[in-house]
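A closer look at the structure
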Amino acid sequence: MNPIVEAVTVLDNKLSNRYIDLDPGGYFIIYIDRETNQICAKHYTNTINDRGLAVDPETGEVIPVRGKVERTHTKIYSARSAKELCIQLFESKEPSLVTKLDHAAYLGREFVRAETAMLAGQEYVQD
């Protein structure tokens, strides 16, 4: 592997494991819809408990980071590019579902990763 690519990959993996405060505005599950060739983001609400964990506002149960959870999304965004998806989320006249700048930056990075995977015909796994 190219040494620059390897160094950036190691750094990126390290940064992915840092602690972040969760967005009380909710979270997004990002995926590629191969039938429509679009990047999609499902928004889910959450509440942040006193330990900083996301909990389901209806049940009070902690939302696990890994594994399948049956929840109902509040909205689905879909677009042909990362830029188009960011414009829908952040430049709309509706109040933003994203309340933290670090969350907005994370979503932008993930949308670009999803777009790159979509265009290359590769699998996309959200970080």
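Let me begin by describing the structure that accompanies this report. It should be emphasised that the depicted structure is a prediction, and the values quoted were computed from it without experimental measurement.

The subject of this paragraph is the sheet that holds strand β2 (residues 38-44). The strand order β1-β2-β5 describes an open sheet built from three strands, whose pairing is antiparallel. Only two strands of the sheet have a single partner each, and these edge strands are β1 (27-33) and β5 (75-79). The mean angle between the axes of side-by-side strands here comes to 20°, regardless of whether they run parallel or antiparallel. The pairing of β2 with β5 spans five bridges and is antiparallel. Counted as the bridge partner of His43 is Lys75 from β5. On the sheet, helix α2 (residues 82-90) packs against β1, β2 and β5 and is oriented at approximately 145° with respect to β5. Here helix α3 (residues 101-120) sits on the sheet in contact with β1 and β2, set at roughly 10° to β1.

With a phi close to 55°, Asn37 is a non-glycine residue in the positive phi region. Mapped onto the elements of the fold, Asn37 is located in the loop between β1 and β2. For Asn37, a relative accessible area of 46% corresponds to the partly exposed category.

Analysis parameters
Residues numbered from 1 in each chain as written. Predicted model: local features only at pLDDT ≥ 70, side-chain atom pairs only at ≥ 80, totals over all residues. Heavy atoms only, no water. Pairing = 2+ DSSP bridges. Helix = DSSP H or I, 4+ residues; strand = E, 2+ residues; numbered from the N terminus. Axes fitted to C-alpha atoms, helices over the stretch in contact; angles between N-to-C directions. Contact = heavy atoms within 4.5 Å. Buried < 20%, exposed > 50% of the residue type's maximum accessible area, 1.4 Å probe, protein only.

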